Amino acid sequence: MTTRRQILARFTAVAGFAGGYAALHALGLTGSEAWAGMPDLKPGSGAGVRVAIVGAGPAGLAAAYELGKAGYHCTILEARDRAGGRNWTVRRGSEIVYTNGTKQICDFEDGQYFNAGPARIPAHHQATLGYCREFGVAMETEVNWSGRARIQVDRLNGGKPIEMRQAIFDYRGHMAELLAKVGKAGALDQTFTGDDKDRLMEGLSTWGHLSEQLTYQGADPSGYEVEPAAGAQSPKPKPPLPLNVVGDPFVQAVSTFADAADFQATMQQPVGGMDRIPAAFEARLGNVIRKGCEVKRIRKTSKKGKAGVDIFYFDKVTGQAEVLSADYCICTVPLPVLAGIESDFAKPVKAAIEKNKGINVGGYKIAFQSPRFWESKDHIYGGLSFTDRDTFATWYPSDRFHAAEGVIIAGYAFNGRMGERTMSEQVAYARETIDRLHPGMGGAMKHPAIVNWTQIPYSQGLAAFLSDTDRAAYDLLSQPDGPIYFAGDHLSFVSSWQQGAFCSAHRVVNLIAERQRSLTA
């Protein structure tokens, strides 16, 4: 049986350890955290209590919303000119600015977009979906796996792409035939009774689509060489690919990625872009969010014996330095960014942040607007194709099927190598990937937009898996440092998902509510 550790090793061989680890999380292979439900604070219980929240990502937005319902006076300081954090939908006119000063302006046509950060929601991520229900965010199916999507590896099958369905069902057929041969040879006689062995052989035959002779000769789930039609055009399955091709570790790892609990159907996405979620929060929070406010320093205070916090920030809109005073602070800033903010955190807290400031794993997406050739020519509707190139995954849109054009993500990678190229080299390389998957179509793609999260200000990475890499730091930062609480997906076991950010925010909201009850009891 292929273990998760073995799958990690396969991805690591392609992307390096950090890239492989990020791939597992992004592909949903590292598990999820149970969710206790929405906070249920008593209305009015927070009256007169001021909470400063640093960051208007999902954690900050949810914390402000839940505390606000209980009467807490919340203010969110957000350095960007938008809410959402890594929940970012890139559209026409979006500025993509890197830490080195490089800037792109997205020039998709109106109505076209791509989700640069989170792009799908698992069915069991009910914190995320709960907000979508509560706010009336229209949802649609996100097609995460397509049997017609492709796997392309230069060293396999003469470099020609393999359909997902053929990788899965040819492998199943070959393995069923091998097991049947073992059974017929008597190797299972000590394990199975005669009746059990007969049932096993019957099950293998059905599972592997074996012939009456218990051999695998191809099957329609793998796709057709000749499609069924009328008259004399009867269906003809594709000839089986060799076991050393479909059984290759990379092929098996990527063809079965949707088996993971987080990736099983049905997944969802908001109609019109993932940023519909932060927009729904923003509509309810209004002027609670102060955009363009870059936090420079966080300092604890004690006034008349009461603990509090001062947040020193620069308002990029007014050009003024300001101070926000509050009773509590919820800090949702990613660790690489937080390490650069002056603070008087406790020494162990500062040490944990400093130690893990390089923890963020990079994520990379390059998207193009294009005629929807993957639908019209190759009959692929949603899903992901994979190569062992630096672009790794190609992601097809799940919205507006049969429209004239759409946005295809020609590279979704975690290995960091795409970002080492110049912008023009990245575009050319991504087009080459498409040419390998869909010969002759790389040139059809236009209006490239590139988001390399390692170089995006105020994020500096896609995710930080702190609970796995430094459990002591995770446990420490999960507790308050006086009036300061830390939240974000990096302080959950669901890092890289919005669910993790919401779970973390809900936990902190409950901690503050419990502390406030103890002070007023």
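Predicted model, so just to flag it, every value in this text is computed and none were measured.

So, on to the overall build of the chain. Counting its secondary structure elements, the chain contains 15 helices and 24 strands. Relative to the compact-globule value of 24 Å for 521 residues, the chain shows a C-alpha radius of gyration of 26 Å, a close match. Going through the 521 residues of the chain one by one, you find that 55% of them count as buried. Taking all contacts inside the chain whose residues are at least 6 apart in sequence as the whole, residues at least 24 apart take part in 69%. Only carbon and sulfur atoms are counted for the fraction: they give 52% of the accessible area of the chain, which is about 21900 Å². Measuring between centres, the 56 positive side-chain charges of the chain sit 5 Å from its 54 negative side-chain charges.

This part covers the sheet that holds strand E21 (residues 393–395). Note on sheets: strands pair through backbone hydrogen bonds, and any given pair is parallel or antiparallel. One open sheet holds the 7 strands; their spatial order is E9-E8-E20-E21-E22-E19-E23, and the pairing between them is mixed. Lying at the two open borders of the sheet, with one neighbouring strand each, are strand E9 (162–163) and strand E23 (446–452). Here helix H12 (residues 423–437) sits on the sheet and contacts strand E8 (150–152), strand E19 (364–371), strand E20 (384–387), E21, strand E22 (405–413) and E23; the angle it forms with E19, its principal contact strand, is near 65°.

You can see Arg82 is positioned in the loop between strand E2 (73–78) and strand E3 (89–91). At 2.9 Å, the side chain of Arg82 and the backbone oxygen of Gly85 are in polar contact. Not counting residues within four places of it along the chain, the set of residues in contact with Arg82 comprises Asn87, Trp88 and Lys291.

Geometry of a packed helix pair, given as the angle between the helix axes and the separation of the axes. Where helix H2 (residues 58–69) meets helix H3 (residues 126–135), the closest approach of the two axes is 13 Å, and the angle between their N-to-C directions is 55°. When the axis of H2 is compared with that of H3, the two are oblique. The interaxial crossing formed by H2 with H3 has left-handed handedness. When H2 is examined against H3, the residues Ala62, Tyr65, Glu66 and Lys69 are found in contact with a partner set consisting of Tyr131, Glu134 and Phe135. Among the residues making up the contact of H2 with H3, the classes are represented as 4 nonpolar, no polar and 3 charged.

Turning our attention to the nonpolar core. Phe114, Phe386 and Val451 are the most contacted members of the largest nonpolar core, which has 64 residues in total. When residues of this core are assigned to their parent elements, the largest contribution, 6 residues, is made by E22. Of the domains in this structure, domain 2 (90–149 + 264–274 + 361–455) and domain 3 (164–247) are the two that each give at least three residues to this core. Leave out the neighbours within four places in its chain, and Val451 touches Trp88, Val90, Ile96, Tyr98, Phe114, Ala116, Gly363, Tyr364, Lys365 and Ile456. Of all hydrophobic cores here, the second largest spans 42 residues; its members include Ala56, Leu285, Val508 and Ile512.

With that settled, consider the packing of aromatic side chains. The final tally for this structure, using the stated rule, is 24 aromatic pairs. Each ring, one from Phe135 and one from Phe281, has its centre 4.9 Å from the other, and the planes form 85°; the classification is edge-to-face. Taken together, the residues Phe135 in helix H3 and Phe281 in helix H8 (residues 276–285) connect sequence positions 146 residues apart. The same class applies to Phe135 and to Phe281, which are both buried. Judged by centre distance (6.3 Å) and plane angle (40°), the rings of Trp374 and Tyr396 are tilted. Here the residue Trp374 occupies a position in helix H11 (residues 373–376), and Tyr396 occupies one in the loop between E21 and E22, the gap between them amounting to 22 residues. The rings of Phe250, Phe257, Phe263, Phe386, Phe392, Trp395, Tyr412, Phe414 and Trp497 are connected pair by pair, giving a single aromatic cluster. Above the plane of the ring of Tyr113 lies Arg91, whose end atom (NZ or CZ) is 5.3 Å from the centre.

This paragraph deals with the domain arrangement of the chain. Under the domain assignment used here, the chain contains domain 1 (31–79 + 287–357 + 470–520), domain 2 (90–149 + 264–274 + 361–455) and domain 3 (164–247). Each of domain 1 and domain 2 was reduced to a C-alpha centroid, and the two centroids are 31 Å apart. The interface is formed by 13 residues belonging to domain 1 together with 14 residues belonging to domain 2. Counting the surface lost from both domain 1 and domain 2, the interface buries some 1100 Å², and carbon and sulfur atoms represent 63% of this.

What follows concerns the pairing of E22. Both faces of the sheet carry side chains from a regular strand, because those side chains alternate between them. Counting buried residues along E22, 9 of its 9 residues qualify, which places the element largely inside the surrounding structure. Across 8 bridges, the pairing between E19 and E22 is antiparallel. In the strand pairing of E22, Tyr364 is matched with Ala413. Where E21 lies against E22, 2 bridges are found, and the strand directions are antiparallel. The residue of E22 that forms the bridge with Ala393 is Tyr412.

Moving on, we get to the sheet that holds strand E13 (residues 289–291). Strands sit in the order E13-E2-E1-E17-E24 across an open sheet of 5 strands; the sheet is parallel. Edge positions in the sheet fall to E13 and strand E24 (484–486), since each has one partner strand and no second. Between one strand axis and the next, the sheet turns through 20° on average, direction left out of account. Both strand E17 (residues 328–331) and E24 contribute to a ladder of 3 bridges, which runs parallel. Residue Ile330 lies in a different strand from E24, and its bridge partner there is Tyr485. The strands that H2 touches are strand E1 (50–54), E2, E13 and E17; relative to E2, the one it contacts most, it runs at about 165°.

For the bond from Ala265 to Thr266, the omega torsion is 10°, close enough to zero to count as cis. Tracing the backbone shows Thr266 in the loop between helix H7 (249–255) and strand E12 (267–270). With a phi close to 70°, Tyr458 is a non-glycine residue in the positive phi region. You can call Tyr458 partly exposed: its relative accessible area is 25%. The backbone of Ser496 shows a phi angle near 80°, a positive value even though the residue is not glycine. Within the secondary structure, Ser496 is located in the loop between E24 and helix H15 (498–520). For Ser496, a relative accessible area of 25% puts it in the partly exposed group.

What counts, and where the lines are drawn
- Sequence order sets the numbering: in each chain, residues are counted from 1 along the sequence as written.
- Local features in this predicted model are restricted to residues whose pLDDT is 70 or higher, and side-chain atom pairs enter the listing and the counts only when it is 80 or higher, whereas totals over whole chains, interfaces and linings include all residues.
- Values shown for side chains rest on all heavy atoms present in the structure; no hydrogens or waters enter the calculation.
- Note on conventions: DSSP H or I runs of at least 4 residues are helices, E runs of at least 2 residues are strands, and numbering of each starts at the N terminus.
- Here the globule rule is a power law, 2.2 Å times the number of residues to the power 0.38, and the radius of gyration is based on C-alpha atoms.
- Burial classes: relative accessible area under 20% of the type maximum marks a residue as buried, over 50% as exposed, and values in between as partly exposed (1.4 Å probe, protein chains only).
- We call two residues in contact when some of their heavy atoms are within 4.5 Å.
- For the accessible areas, the method is Shrake-Rupley and the probe is 1.4 Å, while residue cover comes only from the protein chains on display.
- Only four residue types enter the charge count, namely Lys and Arg as positive and Asp and Glu as negative; His and the chain termini do not.
- All charge positions are set by atom: Lys at NZ, Arg at CZ, Asp at CG, Glu at CD.
- Between any two strands, pairing holds if DSSP finds at least two bridges.
- Only the stretch in contact is used when a helix axis is fitted, and all axes are lines through C-alpha atoms; the angle between N-to-C directions ranges over 0 to 180 degrees.
- For this analysis, a polar contact is any N or O atom pair within 3.5 Å, provided that within protein one partner can donate a hydrogen and the other can accept it, and provided that sequence-adjacent residues contribute only side-chain to side-chain pairs.
- Angular relationships are summarised with four words: roughly parallel below 35 degrees, roughly antiparallel beyond 145, roughly perpendicular across 65 to 115, and oblique for the angles in between.
- Left-handed describes a crossing whose near helix is turned anticlockwise from the far helix through less than a right angle; right-handed describes the clockwise counterpart.
- Three classes are used: nonpolar for Ala, Val, Leu, Ile, Met, Phe, Trp, Tyr, Cys and Pro, charged for Asp, Glu, Lys and Arg, and polar for all others, with Gly counted as polar.
- Nonpolar cores are built from buried Ala, Val, Leu, Ile, Met, Phe, Trp, Tyr and Cys residues. Side-chain atoms within 4.5 Å join them into one set.
- For every domain, the bounds stem from an assignment made automatically or drawn from a database.
- Aromatic contacts are taken between Phe, Tyr and Trp rings whose centres are within 6.5 Å, Trp giving its six-membered ring; a plane angle under 30 degrees counts as stacked, one over 60 as edge-to-face, and the others as tilted.
- Criterion for a charge above a ring: Arg CZ or Lys NZ at most 6 Å from the ring centre, at most 35 degrees from the ring normal.
- A 1.4 Å probe defines the accessible area here, and the buried area is the portion of it lost by two parts on being joined, summed over both.

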